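Descriptive analysis of the structure
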Amino acid sequence: MRRTFIRGLVPLAALSLVAGACSDTGDEGGEPAPSGSGAAPTTGGTDDTGTTPGSVATGSTPTTAEEVQTGESLLDTVSAADVVRCGVRDDLPGFSSLDDAGEHVGFDADFCRVIAAAVLGDATKVEFVDLETDARFTALQSGEIDVLVRNTTWTASRDGIEGATFLHPTYYDGQQMMVAADAGFESIDDMDGAVVCVAGGTTSEGNVATEFARRDLTVEVQSFEDVDLLQEAFIAGRCDGWSSDGSQLVGLRSSFPDGPDALVIFDDIFSKEPLTPAVRDNDTRWAQAVEWAIYATIQAEEYGITQANVGDMAAGDNAAIVQFLGGENADGVTLDAGLGLDPAFAMNVVSQVGNYGEIFERNLTDLGLERGLNALWGDGGLQYAPPYR
Amino acid sequence: MATTTGRPPLWRDVRVLAWTFQIAVVLVVVAIVFWLLDNLRVNSQRLNIPTGFGHLDQPSSFPIPGSDFRQTQPVRDALVEGFQNTLRLAITGIALATVAGVLIGIARLSQNFIVRSAARAYVEFVRNVPLFCLLFVMYGAVVLNAFPRVADSWDVGPVAIVNVRGASTFWFEGGNWKFVVALLSAGIVAFLVARWRSRIADRTGTPGRTGLWALPTAAVVLVVVWIVLGLGATAPEIDGARVTGGITMTPEYFAALAALVIYTSSHVAEIVRGSIQAVPRGQGEAANALALSGFQRLWHVVLPQAMRIGVPPIGNQYLNLAKNSSLAAAISFPELTKVTQLTVANRSPAVPSFALLLGIYLVLSLVISLFVNLANRRLAIVER
């Protein structure tokens, strides 16, 4: 019921865009400084005053326009609030689900902690906000969350229309098909005329329809908002196939009531799904801070820095590693990359959460997911961090 | 204090004060609306979120189950498809809820203890359960758990095949317009026959038996036109893991319709009961004195007068049903709300999309109100 309640909030959240300007003011304590990130056109101010009717309205308009021009970065807001509001979900084992104590655990949840460790120096300062699929971008746009880490595929139109800026993909995924082991399907080609259930509000519906059309097969795609209801419908025989990102299917299969062996996942991967954290458009400082928090985990794995040895590494004699962890070099100088982060942010990330490989192994390896495309670039994968210098 | 008879000063003049206050309230409301809209515009611009309706011409990127709608068609067509589904739910729901509600309302006043108690239990139970829960029970418990898989379908030849994928029955085959022509001609003939019979009844005083005459004639006409136009029929068949042919009602539609009808009929029943009780007792007693049968008493004397009282509140229930149909989105029936959610999840901007959604429901409700008002005017006592 609660999740449905959250979905009911979508229109409300949309309307709360309206009130967005007010909440910005509430959080701003410091002097409004001209910021390079505020991308509102300077002409916006004159337009506003020119077109706004009514005396009361004109009174409020300059404030709004001023905020657009000098809007502070979320980086300052988050630091002042001392908590990162992270949009996740609570129902996807491996990526983000609730453990017995009601804590969020999983790959995405850990990346929320990575961001908190980098920005605030404390991985526990995360406020997890559970979102339905179709509420996630509205929540991001309206400022209900600071960052969206909710196994979200980076696509061109989401970049362009949803007002989201996507950062570095934390997981390279692709859509696959899962069927009951006893259904008699060997591959998608056997599934002509089948009913396929997907989680609604995602790229999955269109991908399934496109893939079946490409293979000259007919299909009926039934989409569900709620994964639990989807699973119930699948068990009841409402649908032949269950399609989603491969990583999700593996997670869902692992917690399937009849045991994972009752389900088969076909090898065909028929879409590219780079699962990528996103922030709001036009806030470069915040985007860079979050992006480098993610890179820090990848760079740490590349350097071989783990949660266990990070202390030794920081005190070691590899100059590049010492610099990365925010230590003083041989001449007593510390590199501040100017990201608005503590120079020791990578140290905080690795010591409190771990490097990319540790996060992956902790959450996803047990589910049966392999590194594959998500191996480091040196191992034939795609995970690559720009140099830290 | 010299001018005790003159007008009081402006700040004590009740009329001036009233006007000033009302103008001030209007100004404040208008200012707040403008301020909100302007914030919306500025914030959307800042976030590069489109505020127009250009998305209606973009590809939808999702198919709609239970229809031929493809993912390559524009968002506009998806909304039309969703609206049709809403209408299917609302119109059928209103018809069924009326019939069920009237029957249960009459049963509430039955002299038979069992009938009366059963009707009362039904009304009291259903009326006090949230519709949303009823919907989930219908879908999650009844449809998904009580209906068989395709292989074990309840199979009654060509008449019905029921399983968890839907309920199928035989249906016509051929052009849509031919089907409409066949139905229309049968309907017109039935109407003419009924009018002819009732005129005879008026003139001679013999029972008209309009239904007995009209329905068989209409059936004959339907069959003849069907054959003349060359319409075929298709029956459902189990073909491996699916049912082909015939016409299929999706389980989501069934669950949504059932929940809406069950819920609304309990409210209609209470209105019908109250309306019947509001008809003066003497009317029923007079009918008895004329030796009318129980049915005649109800149909010709009590119900027409009760409906005069019941139509406005029943109209409200119709509005509720039409608006409540949006809850079917929760069990994935692709009606207008669900389709709007899908479009918003597939790139359409949220604010214009939901504004459009509100506008469409507003128009739908106004149209239903219009029909209810027309019916009310017809039923009202014509005063001379």
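Now for a description of the structure that goes with this document. Only a predicted model underlies this, so the values are computations on that prediction, with no experimental measurement involved. (Residues numbered from 1 in each chain as written. Chains lettered and ligands numbered in written order. Predicted model: local features only at pLDDT ≥ 70, side-chain atom pairs only at ≥ 80, totals over all residues. Heavy atoms only, no water.)

1. Points about the overall build of chain A
- Counting secondary structure elements, chain A contains 16 helices and 15 strands.
- Across the 389 residues of chain A, 56% fall into the buried class.
- Taking as baseline every contact in chain A between residues at least 6 positions apart, the subset at least 24 positions apart corresponds to 72%.
- Summed over its atoms, the accessible surface of chain A is roughly 15,300 Å², and 51% of this surface lies on carbon and sulfur atoms. (Helix = DSSP H or I, 4+ residues; strand = E, 2+ residues; numbered from the N terminus. Buried < 20%, exposed > 50% of the residue type's maximum accessible area, 1.4 Å probe, protein only. Contact = heavy atoms within 4.5 Å. Areas by Shrake-Rupley, 256 points an atom, 1.4 Å probe, with all protein chains shown as cover.)

2. Focus: the side chain of A:Asp173
All names here are of chain A.
- Note that Asp-173 resides in strand β8 (residues 171-173).
- The side chain of Asp-173 is buried and forms no salt bridge, while Arg-89, the nearest opposite charge, is found at 9.7 Å.
- Polar side-chain contacts of Asp-173 include one of 2.3 Å to the side chain of Ser-247.
- Here Asp-173 is in contact with Asp-245, Gly-246, Ser-247, Gln-248, Ser-271, Lys-272, Glu-273, Pro-274 and Leu-275, once residues within four sequence places are set aside. (Lys, Arg positive; Asp, Glu negative; His and termini not counted. Salt bridge = Lys/Arg side-chain N within 4 Å of Asp/Glu carboxyl O. Polar contact = N/O pair within 3.5 Å; in protein donor to acceptor, adjacent residues only side chain to side chain.)

3. Quick look at the packing of aromatic side chains
- As enumerated under the stated definition, the model contains 26 aromatic pairs over all chains in all.
- Taken together, a centroid distance of 5.0 Å and an interplanar angle of 65° make the contact between A:Trp377 and A:Tyr384 edge-to-face.
- For A:Trp377, a relative accessible area of 43% puts it in the partly exposed group.
- Pairing B:Phe62 with B:Phe69 gives two aromatic rings, centres 6.3 Å apart and planes at 45°, and the pair type is tilted. In this structure, B:Phe62 and B:Phe69 share a single accessibility class: buried.
- The ring of A:Phe360 has A:Arg371 sitting right over it, with the charged end atom 5.3 Å from the ring centre. (Phe/Tyr/Trp six-rings, centres within 6.5 Å; stacked < 30°, edge-to-face > 60°. Lys NZ or Arg CZ within 6 Å of the ring centre and 35° of its normal.)

4. A closer look at the state of the cysteines
All names here are of chain A.
- With the rule as written, the count across this model stands at 2 disulfides over all chains.
- Covalently, Cys-86 is tied to Cys-112 through a disulfide, its sulfur atoms 2.0 Å apart. One disulfide, between Cys-86 and Cys-112, carries an S-S torsion of -70° and so falls in the left-handed class. Of this pair, Cys-86 sits in strand β1 (residues 84-88) while Cys-112 sits in helix α6 (residues 107-120), placing them 26 residues apart in sequence. (Disulfide = S-S within 2.5 Å.)

5. Considerations on the pairing of strand β12 (residues 241-245) of chain A
Residues and elements named next belong to chain A.
- Counted residue by residue, β12 has 5 buried out of 5 residues, so it is predominantly covered.
- Pairing of strand β9 (residues 175-180) with β12, which is carried by 5 bridges, proceeds in the antiparallel orientation. The partner of Val-179 across the bridge, within β12, is Gly-241.
- Across 3 bridges, strand β10 (residues 194-199) lies against β12 in parallel orientation. Residue pairing in the sheet places Val-196 in a bridge with Gly-241 of β12. (Pairing = 2+ DSSP bridges.)

6. A look at the packing of helix α8 (residues 281-289) of chain B against helix α9 (residues 294-324) of chain B
Residues and elements named next belong to chain B.
- Two numbers describe how α8 lies on α9: the axes approach to 10 Å, and their chain directions differ by 160°. In terms of orientation, α8 lies roughly antiparallel with respect to α9. The chirality of how α8 crosses α9 is right-handed. In this structure, α8 uses Gln-283, Gly-284, Ala-287 and Asn-288 to contact α9, whose residues at the interface are Arg-297, Val-301 and Gln-305.
- For the contact of α8 with α9, the residue count by class is 2 nonpolar, 4 polar and 1 charged. (Axes fitted to C-alpha atoms, helices over the stretch in contact; angles between N-to-C directions. Parallel < 35°, antiparallel > 145°, perpendicular 65-115°, else oblique. Left-handed = near helix turned anticlockwise from the far one by under 90°. Nonpolar A, V, L, I, M, F, W, Y, C, P; charged D, E, K, R; others polar.)

7. Let's talk about the packing of helix α4 (residues 131-146) of chain B against helix α7 (residues 251-278) of chain B
Residue and element names in this part refer to chain B.
- Remark: α4 packs on α7, axes separated minimally by 9 Å, with the N-to-C direction vectors making an angle of 140°. Our classification of the angle between α4 and α7 gives oblique. Judged by the sense of rotation from one axis to the other, the crossing of α4 with α7 is right-handed. Here Leu-131, Leu-134, Leu-135, Met-138, Tyr-139 and Val-143 of α4 come into contact with α7, specifically with Pro-251, Glu-252, Phe-254, Ala-255, Ala-256, Ala-258, Ala-259, Leu-260, Ile-262 and Tyr-263.
- Along the lines of polarity and charge, the residues of the contact of α4 with α7 split into 15 nonpolar, no polar and 1 charged.

8. Looking at the pattern of salt bridges
- Taken as a whole and assessed by the stated rule, the structure comprises 19 salt bridges over all chains.
- In this structure, A:Arg238 and B:Glu252 form a salt bridge, with 2.8 Å as the shortest nitrogen-oxygen distance. With A:Arg238 in the loop between α10 (227-235) and β12 and B:Glu252 in helix α7, this pair bridges two chains.
- Residue B:Glu252 is classed as buried on the basis of its relative accessible area, which comes to 1%.
- Across the salt bridge formed by B:Glu270 and B:Arg108, the nearest N and O atoms sit 3.2 Å from each other. With B:Glu270 in helix α7 and B:Arg108 in helix α2 (residues 75-108), the pair connects residues that are 162 residues apart, well separated along the chain.
- Overall, B:Glu270 belongs to the buried group, its relative accessible area being 13%.
- Connected through salt bridges with shared partners, the residues A:Asp189, A:Glu211, A:Arg214, A:Arg215 and A:Asp268 form a single ionic network.

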